[in-house]
Amino acid sequence: MKPFQFLAIVPCALMLIGPLVHNKLHPFILDMPFPLGWVTVWIVLTAATMAVVYAIDPANKGGDR
Amino acid sequence: MTIPLILLGLTALFALLLGVGARSGHAMGLEEWTVGNRGFGFVLVFLLLAGEIYTTFTFLGASGFAYGQGAPAYYILAYGTIAYVIGYFMLPKVWAYAKQHHLVSQPDFLAHKYDSKTLGVIVSIVDIIALIPYLVLQLTGLGIIVTAAGYGGISNTVAVLIGAVVVTIYVVVSGVRGSAWTSVAKDVMILSVVLFLGIYLPIHLYGGIGAMFEEIAKAKPGFLTFPAKGQSVWWFVSTVLLTALGFFMWPHSLASCYTARNANVFRKNAIVLPIYQLILLFVYFVGFAAVLKVPGLKGAASNLALFKLVVATLPPWVVGIVGAAGVLTALVPGSMIAMTAATLMSRNLYGALNPQASNDQIVFIAKCLVPVVMAIAVFFTLTGSSTIVTLLLVGYSFVTQMFPALVVSLFPGSGATKQGAMAGIIAGVVVAAWLTFSHATVGSLLPFLPQPIQDFNVGIIALIGNIVMLVAVSAVTKRRVAAIAE
């Protein structure tokens, strides 16, 4: 597996680990109960990570096929 | 109460005109009708993919799920994001192969990869069994929305019939272009309605989103976190992973990927779609806002939570707009499902029996089958058969069974054979059907396992059975082929 592919898994894993580790109402994140707020934050960070992956992915260097 | 009815009528008319108008300038051959001649750019593919995500299930189901179950509803938000990440790596490969070989459906892909028409037929039959209940769900949702938003002025039967006729006409005329262009109207509407409701209702009724959650937690302790057993955090994680695998296995989802102009369309969408998914949060907020304000809805009635709250809180013209948005969330996915089901019947069933049939004949038969598919769905919707509800549960686990065979086929040296793929899919489907109809859970089947594993989504058993059969049968058939060669 290439390093940039591994990078894509990291935020997905963290998104799911949060509720496993801390399934509690508090602290609120962005005014939401912890599990929901945690998932929300990592969805945004997943999108950001995919933007980085897109930038370094050699498959995109060839341009549009 | 006539304003909401006028708004609903105008929406149906607008969808019809937009859908039919989408045809202009395009001759509807097979590849044009089914996959828009693979010419769609980032925006249209985005709308098609988003069009399937925000169905009536999202609008009524996600708010109803949050209202009825609380925290377990969070899984709906998480699985799409993981599916997009999988799609980033998987879809460019699928797309390139489909383009090279002029494939227009999901069974096409598996049949061509494994060089087996029989496999294509098996996959089509499983797909059709999964698609029809999904279409019934859209029509049922449409009926609920129109009856609620029209204050009962239009009967359920009339609403379902009008919706079915509108969809049939623009699907037959414009194919996937009709779905894409009505999707534009739908996304603008649903985005504004959901954002407005999700922000306004918590502030108006509770003084803020945080205040609303505090109040719910006080009234119903434990409602906003996962329960210790049953739909626990382990259920959450396993369900998210399982549904993420099944996400692009819906035949209409995979077919809309074929519409892309180039492979980068998917990679860009993997960045944007997770963010777009966040509008689901506001759907949850509406569902949660209803918990203390319109209490007492049980079972299927919890799907009415959003509309009950809107009707109780807002003036009729707003109800009409919310209803119009809801109607579009039923029409757009409904059109894609109907088109896909008709394409599968024509191309992958009729076409497999009549290999000499031309593409023009295939597309003609597919168009003729659209009204047939809609009529079947209308029949099940209006008779309200309870079996269909069970079939719907089974639908998602059915299509998920295509995942192992499809992914393995992307790696040339995998050694998977067509017999292995068939055995895996059939085993997975049989187990999935049995699990659903017997209401089994991992805990009821294997009570000696630790609690976290007992809470795993039961669909994992079907998938494991599928993979075991795929590997075992592939190994046996490969050895036999090798022996014959010697």
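Because the structure is predicted, anything quoted here is derived from the model rather than measured. Per chain, residues are indexed from 1 in the order of the written sequence. Whichever chain is written first is A, and whichever ligand is written first is 1; the rest continue in order. Since the coordinates come from a predicted model, pLDDT governs what is reported: local features require at least 70, and pairs of side-chain atoms require 80 or more to be given and counted, while whole-chain, interface and lining totals use all residues.

## Focus on the overall build of chain B
Inference 1: The secondary structure listing takes helices from DSSP runs of H or I that are at least 4 residues long and strands from runs of E that are at least 2 residues long, numbered from the N terminus. For chain B, the helix and strand inventory stands at 23 helices and zero strands.
Inference 2: In this treatment the radius of gyration is a C-alpha quantity, and the globule benchmark scales as 2.2 Å times the residue count to the 0.38 power. Computed over the C-alpha atoms, the radius of gyration of chain B is 22 Å, within 12% of the 23 Å expected from 2.2 N^0.38 for a compact globule of 486 residues.
Inference 3: Counting other C-beta atoms within 10 Å of its own, a residue is labelled buried from 20 upward, exposed at 12 or fewer, and partly exposed in the gap between, with every C-beta atom placed from the backbone. Looking at chain B as a whole, 59% of its 486 residues are labelled buried.
Inference 4: Across chain B, the fraction of contacts at a sequence separation of at least 24, relative to all contacts at a separation of at least 6, is 84%. A residue pair is marked as a contact if its C-beta atoms, positioned from the backbone, fall within 7 Å.

## Examining the overall build of chain A
Inference 1: In terms of regular secondary structure, chain A is built from two helices and zero strands.
Inference 2: Relative to the 2.2 N^0.38 estimate, which gives 11 Å for 65 residues, the radius of gyration of chain A is 15 Å and therefore markedly larger than a compact globule would have.
Inference 3: Taken over the C-alpha atoms alone, chain A extends approximately 50 × 25 × 15 Å along its principal axes.
Inference 4: Of all 65 residues assigned to chain A, the portion counted as buried reaches 29%.
Inference 5: Counted over contacts in chain A with a minimum sequence separation of 6, partners at least 24 positions apart contribute 50%.

## What about the environment of Thr 11 of chain B?
All names here are of chain B.
Inference 1: Note that Thr 11 resides in helix 1 (residues 2-21).
Inference 2: Take Thr 11: there are 24 C-beta atoms within 10 Å of it, and that puts it in the buried class.
Inference 3: Remark: the alpha-carbon pair of Thr 11 and Tyr 206, spanning 195 residues in sequence, is separated by 32 Å.
Inference 4: Residue contacts for Thr 11: discarding those within four places in its chain leaves Ala 324, Val 327 and Leu 328.

## Structural notes on the UniProt feature "transmembrane region" (unreviewed entry) in chain A
Inference 1: UniProt positions are given in the numbering used here, feature names are shortened, and annotations may be inferred rather than shown by experiment. The sites that UniProt annotates as "transmembrane region" (unreviewed entry) are residues 39-56 of chain A.
Inference 2: As annotated, residues 39-56 of chain A has a helix share of 100% and a strand share of 0%, and its two end C-alpha atoms lie 25 Å apart.

## So, the interface of chain B and chain A
Inference 1: Listed per partner, the contact involves 32 residues of chain B and 29 residues of chain A.
Inference 2: For the side of chain B that touches chain A, the secondary structure elements donating two or more residues are helix 5 (75-100), helix 10 (209-219), helix 11 (233-246) and helix 13 (264-277) of chain B.
Inference 3: The biggest single contributor to the side of chain B that touches chain A is helix 5 of chain B, with eight residues.
Inference 4: Amino acids are sorted into nonpolar (Ala, Val, Leu, Ile, Met, Phe, Trp, Tyr, Cys and Pro), charged (Asp, Glu, Lys and Arg) and polar (every other residue, Gly among them). Looking at the side of chain B that touches chain A, its residues break down into 25 nonpolar, six polar and one charged.

## Details of the nonpolar core
Across soluble globular proteins, nonpolar side chains have a tendency to be buried as a group.
All names here are of chain B.
Inference 1: Nonpolar core, as used here: buried Ala, Val, Leu, Ile, Met, Phe, Trp, Tyr and Cys residues forming one set through C-beta atoms within 7 Å. In terms of nonpolar packing, the biggest core is built from 196 residues, with Leu 110, Val 286, Val 327 and Ala 338 touching the most fellow members.
Inference 2: If you tally residues by element for this core, the top one is helix 16 (residues 316-353), at 19 residues.
Inference 3: For this core, the domains that each give at least three residues are domain 1 (2-384) and domain 2 (401-486).
Inference 4: Look past the residues within four positions of Leu 110 in its chain and what remains in contact with it is Leu 119, Gly 120, Val 123, Met 402, Ala 405, Leu 406 and Ala 421. These domain boundaries are the output of an automatic or database domain assignment.

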